[in-house]
Amino acid sequence: MSIEIRDTEGNGATLGVAPGQAQEPPRVAIRIEGPSAHAASWSCSPAAARELAAALVAAAVEAENARSAEPVTVKARELRRGDVRDGDRLMTVESVRTDGANVQVTWTSGAGRSWSQMYGAEADIRLRRRLLPGG
């Protein structure tokens, strides 16, 4: 798997990850290369690779939350999968179905429970985080 990354000056490189060569103990290979970067290779244990992945996910969530520190208000008909409702409990839009002047929204809680609610299509819904198109 290859991922485009950029350094702090905007120069691009490719980060590649793959299973390491067959050996004991098993390893995960990591390689960075690009026109502005010297090729560099590392390897780590599968457990360390999982820790790195978890750290990247946590940093991505923090970056998304910081980006949209100010809640936004949208009409119920404009909700998209992945939008997060503003409030004391985490509620994420799972699906939206428009039925004339009404919108049925299926929410998922942080605990994994889901439920549906009906709103008027023009009802204002305050979001903590707005999912970007294509995101």
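Here, every reference points to the structure presented above.
Residues numbered from 1 in each chain as written. Predicted model: local features only at pLDDT ≥ 70, side-chain atom pairs only at ≥ 80, totals over all residues. Heavy atoms only, no water.

*Asks:* How do you make sense of the nonpolar core when you look at a structure like this?
*Replies:* Looking at soluble globular proteins, one finds that nonpolar side chains tend to be buried together. Core analysis: the largest hydrophobic core is formed by 12 residues, namely Val 74, Ala 76, Leu 79, Met 91, Val 93, Val 103, Val 105, Trp 107, Tyr 119, Ala 121, Ile 125 and Leu 127. The greatest single-element share of this core, amounting to 3 residues, is contributed by strand β8 (residues 102-109). Setting aside residues up to four positions removed in sequence, Val 103 forms contacts with Ala 76, Arg 77, Val 96, Arg 97, Thr 98, Gln 117, Met 118, Tyr 119 and Ala 121. (Core = buried A, V, L, I, M, F, W, Y, C linked by side-chain atoms within 4.5 Å. Buried < 20%, exposed > 50% of the residue type's maximum accessible area, 1.4 Å probe, protein only. Helix = DSSP H or I, 4+ residues; strand = E, 2+ residues; numbered from the N terminus. Contact = heavy atoms within 4.5 Å.)

*Asks:* Would you explain the layout of surface pockets in this entry?
*Replies:* Rolled over the atoms, a probe as big as a water molecule pinpoints where empty space is left. What the largest pocket holds in volume is close to 250 Å³. Forming the boundary of the largest pocket are Met 1, Ile 3, Leu 15, Val 17, Val 28, Ile 30, Cys 44, Ala 49, Leu 52, Ala 53 and Leu 56. The biggest single contributor to the lining of the largest pocket is helix α1 (residues 46-67), with 4 residues. For the lining of the largest pocket, the class distribution of residues is 11 nonpolar, no polar and no charged. (1 Å grid on protein atoms, 1.4 Å probe; cavity = no way out; pocket = protein on both sides within 12 Å on 5 of 7 lines; lining within 4 Å. Points joined across faces, edges and corners; volume = space filled by probe spheres on them. Nonpolar A, V, L, I, M, F, W, Y, C, P; charged D, E, K, R; others polar.)

*Asks:* For this particular structure, what's the right way to read the side chain of Thr 106?
*Replies:* As for its position among the elements, Thr 106 is in strand β8. Given a relative accessible area of 17%, Thr 106 falls into the buried group. Here Thr 106 is in contact with Thr 92, Val 93, Glu 94, Ser 95, Ser 114, Trp 115 and Ser 116, once residues within four sequence places are set aside.

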